[in-house]
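Structural description and commentary
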Amino acid sequence: MLAGLRLRYDLVPGVIRVDGHSGGPMPRTSPARLRRFVQHRWEPRSGRPSGESDWRREARLAADALAPLVGAAAGELTVAESTSINLFKALVAAAKLRPGRPVLAVGRDCFATDRCLAQSAADHIGGRLQLIDGVDGLDALDLDQVAMVALSHADLRSGAARDAEPITAEIHRGGALTLWDLSHSAGALDVDLHRWDADFAIGCGHKYLGGSTTAPSFGFVAERHHEPSPTGGLRHPLAEGFAGPAATLAATELRDVLAILDGVPASALAAKTTGLVELFLERVGEFCADAAVEVRTPDARRRAQVCLRHEQAQRIADLLSDRSVLVEYAEPDLLRFNFAPAWLSYVDVWQAAERLHATLHEIR
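Residues numbered from 1 in each chain as written. Predicted model: local features only at pLDDT ≥ 70, side-chain atom pairs only at ≥ 80, totals over all residues. Heavy atoms only, no water.

1. Quick notes on the overall build of the protein
So the rule is basically this: What counts as a helix is a DSSP run of H or I of at least four residues, what counts as a strand is a run of E of at least two, and both are numbered from the N terminus. The cut-offs for exposure are 20% and 50% of the maximum accessible area for each residue type, with area from a 1.4 Å probe on protein chains only; residues under the lower value are buried, those over the upper are exposed, and the others partly exposed. Note on definitions: a residue-residue contact is assigned when non-hydrogen atoms from the two residues lie within 4.5 Å. To be clear on the numbers: accessible area is Shrake-Rupley with a 1.4 Å probe, and residue cover counts the displayed protein chains and nothing else.
Summing up its helical and strand segments, the protein has 10 helices and 14 strands in all. Split into buried and exposed, the 364 residues of the protein put 54% on the buried side. Taking the intrachain contacts of the protein between residues at least 6 apart in sequence as the baseline, contacts between residues at least 24 apart amount to 69%. Total accessible area computed for the protein in this model is approximately 16200 Å², and 52% of it derives from carbon and sulfur atoms.

2. A word on the nonpolar core
In plain terms, the rule: Take the buried residues of types Ala, Val, Leu, Ile, Met, Phe, Trp, Tyr and Cys, join any two whose side-chain atoms come within 4.5 Å, and each joined set is a nonpolar core.
Val149, Leu182, Phe337, Phe339 and Leu356 are the most contacted members of the largest nonpolar core, which has 84 residues in total. The biggest single contributor to this core is helix H8 (residues 266-285), with 8 residues. Apart from the residues within four sequence positions on either side, Phe337 is in contact with Val18, Phe280, Ala304, Gln305, Val306, Leu308, Leu320, Val327 and Leu356. Counting 22 residues, the second-largest nonpolar core is a separate cluster that includes Ala93, Leu104, Cys110 and Phe200.

3. Digging into the packing of helix H3 (residues 83-97) against helix H4 (residues 112-125)
So the rule is basically this: With axes taken as lines fitted to C-alpha atoms, and helix axes fitted only over the stretch in contact, angles between N-to-C directions fall between 0 and 180 degrees. Working rule for angles: under 35 degrees goes down as roughly parallel, over 145 as roughly antiparallel, 65 to 115 as roughly perpendicular, anything else as oblique. A clockwise turn of the near helix away from the far one marks a right-handed crossing, whereas an anticlockwise turn of less than a right angle marks a left-handed crossing. Each residue gets one label: Ala, Val, Leu, Ile, Met, Phe, Trp, Tyr, Cys and Pro are nonpolar, Asp, Glu, Lys and Arg are charged, and the others, such as Gly, are polar.
The interhelical angle for the contact between H3 and H4, taken along N-to-C directions, is 25°, at an axis separation of 9 Å. In terms of orientation, H3 lies roughly parallel with respect to H4. Crossing angle aside, the handedness with which H3 passes H4 is right-handed. Across the interface between the two elements, Thr83, Ser84, Ile85, Leu87, Phe88, Leu91, Val92 and Ala95 of H3 pack against Thr113, Asp114, Leu117, Ala118, Ser120, Ala121, His124 and Ile125 of H4. Residues of the contact of H3 with H4, tallied by class, amount to 10 nonpolar, 5 polar and 1 charged.

4. Digging into the confidence of the model for the protein
Threshold: Values of pLDDT, ranging from 0 to 100, describe the predictor's confidence in every residue of the model.
Within the protein, residue pLDDT values average 87, and 87% of them lie at 70 or more. At the low end of the mean pLDDT range in the protein sits strand S10 (residues 234-235), at 54; at the high end sits helix H6 (residues 193-196), at 98.

5. Considering H3
Stated precisely, the cut-off is as follows: The span expected for a helix works out to 1.5 Å for each residue beyond the first. Two N or O atoms count as a polar contact when they lie within 3.5 Å, although within protein this holds only if one can serve as hydrogen donor and the other as acceptor, and sequence-adjacent residues are included solely when both atoms are side-chain atoms.
For H3, with 15 residues, the first-to-last C-alpha span of 21 Å sits near the 21 Å given by 1.5 Å per residue. Most of H3 is tucked away: 13 of the 15 residues are buried. Where H3 begins, the capping side chain belongs to Ser82, and its oxygen is found 3.1 Å from the backbone nitrogen of Ser84.

6. Details of the side chain of Thr83
Mapped onto the elements, Thr83 comes out in helix H3. The exposure class assigned to Thr83 is buried, which follows from its relative accessible area of 15%.

7. Focus: the packing of aromatic side chains
What counts is decided by this rule: Side-chain rings of Phe, Tyr and Trp (the six-membered ring for Trp) are treated as a pair once their centres are within 6.5 Å; stacked means planes under 30 degrees apart, edge-to-face means over 60, and tilted covers the remaining angles.
With the rule as written, the count across this model stands at 4 aromatic pairs. When the ring of Phe280 is compared with that of Phe337, the centres are 4.8 Å apart and the planes differ by 40°; the resulting orientation is tilted. With Phe280 in helix H8 and Phe337 in strand S14 (residues 334-338), this pair connects stretches of sequence that are 57 residues apart. Each member of the pair, Phe280 as well as Phe337, is classed as buried. Judged by centre distance (5.2 Å) and plane angle (55°), the rings of Phe280 and Phe339 are tilted.

8. A short note on the environment of Ile260
By the secondary structure assignment, Ile260 is in helix H7 (residues 248-260). A sequence separation of 251 residues divides Ile260 from Tyr9, and the C-alpha atoms of the two residues are 8.8 Å apart. The contact partners of Ile260, leaving out residues within four places of it in the chain, are Leu5, Arg8, Tyr9 and Pro27.

Below, the structure is given as structure tokens:
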């Protein structure tokens, strides 16, 4: 099912992308699609009311295309500019849903911008931000005082995916709401927000989903938390506010990459991800014992990222780039290899491991 997906991307020959933070490869259809969209924007209009604006339509269609990949229903997702802004809005919404609970708990491994906006959300509600060390930090929380617990689905220190369903249940037993950041799992792992009984979720569109670096982010709110609209029906809590809408072209671009994944079950993506990671770890295991490299993620299950530690990690990343393998470097000594099932092949992974082997041999 997945082998033919990579043919729909305009891949650069010889280059193996496992960096994970520079966006996905361009779909072959994107240039023509975006050109038609721009031309349509300049066509003469009849002057009649057009109803739904272009950006709203593109964002809605992108959200509807993404929903099956994360186990959500149409209308529960919205496409917006920034995961950090979505985090802020979700935290504020949680405080309204759980009045009298002044604590907002956020995973310490979040990005700096997320941390700043989480602090702003706590200040906004007159509450307190408590940073926690992942799942282990739950024991230190007084859940009776917590409105929301926000965690990344993938542990950014090891790449391992957290077991979201029982964690969500534990948080709910304490009366708090949950938010899962899917930036490092959507499009690569088995994500099912309904099965988890998640309340909120956020994520970026540019990693495993394949959007470019300017791809908009998304936010999820379970329908049970939607607010009544003054005009009737329900209003998505993250759909309005001070954040600007997703740029129309960016939303159109995201729709194009999601079209490639149309009809592909998240479980199939997760199965291939596991196979890619297993192959890479098998190859690395054959030569890492004498290469002074530590594999921080020895288990291939439920992960799309492999973290390696080496004292010369920056130099290794540079030498791998010279060998056309783009990898993610994190100070001071960490290398992250990210495995996107939609466009990476098993041959790519084999060759990436071989070039890593040659690079480690070169610096010995």
